[in-house]
Amino acid sequence: MRADDVCGFITAMIMPASLTLGTAWSIRDLYVAPRHRRSGIANALLGHTIHNARSAGARRVALQTETDNAPALRLYAEVGFQPVTGLELLNRSFDPTDQDAGDTA
């Protein structure tokens, strides 16, 4: 917030990391209003979230973005995020007009 103007927001989810008996935080969304971009808002939001995750004992903070989002990738690298290798991102999309065979609605 700056004055009464919402400049941006960040949402994070805390997930159990059962193999390490800890938690991991996942940044699910980071948004800065266009007129407030390049003013340090995103960096401040990331810093706040990283600080809170570390203070809460999290093992890591993760996020994802599109491969062509160069400004976001630069920012994330500047605050210490690194690409993950050795994992595959899997997704299953749904056609909203198709019903699951188990659906009764």
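Above: the structure in question.
Parameters and conventions
Residues numbered from 1 in each chain as written. Predicted model: local features only at pLDDT ≥ 70, side-chain atom pairs only at ≥ 80, totals over all residues. Heavy atoms only, no water. Phe/Tyr/Trp six-rings, centres within 6.5 Å; stacked < 30°, edge-to-face > 60°. Helix = DSSP H or I, 4+ residues; strand = E, 2+ residues; numbered from the N terminus. Buried < 20%, exposed > 50% of the residue type's maximum accessible area, 1.4 Å probe, protein only. Contact = heavy atoms within 4.5 Å. Arc of directions from axis to C-beta. Pairing = 2+ DSSP bridges. Axes fitted to C-alpha atoms, helices over the stretch in contact; angles between N-to-C directions.

All right, on to the packing of aromatic side chains then. The full count for this structure, using the stated rule, is two aromatic pairs. Between Phe9 and Tyr31, the ring centres sit 5.8 Å apart and the planes meet at 35°, which makes this aromatic pair tilted. Linking Phe9 in strand S1 (residues 8-17) with Tyr31 in strand S2 (residues 22-32), this pair joins segments that are 22 residues apart in sequence. Phe9 sits in the partly exposed class, given a relative accessible area of 36%. A ring pair is formed by Tyr76 and Phe81, whose centres lie 6.1 Å apart and whose planes are at 70°; its orientation type is edge-to-face.

Here we take up the environment of Arg2. Along the polypeptide, Arg2 turns up in the segment before S1. Excluding anything up to four places from it in sequence, Arg2 contacts Cys7, His36, Ser39 and Ile41.

Three or more residues of helix H2 (residues 70-78) are buried, namely Ala72, Leu75 and Tyr76. Considered in projection along H2, the buried side chains sweep an arc of 95° and stay on one side of the axis. Residues of H2 that are buried in the fold lie against S2 and helix H1 (41-55). Trailing H2 by a residue or two, Gly80 shows a phi angle of about 105°, which is positive.

Here we come to the sheet that holds strand S3 (residues 60-62). Strand order in the open sheet formed by three strands is S1-S2-S3, with mixed pairing between adjacent strands. This sheet does not close on itself; its edge strands, each paired only once, are S1 and S3. Neighbour-to-neighbour, the strand axes of this sheet turn through a mean angle of 25°, independent of strand direction. In the packing of H1 onto the sheet, contacts are made with S1, S2 and S3, and the angle to S2 comes to roughly 165°.

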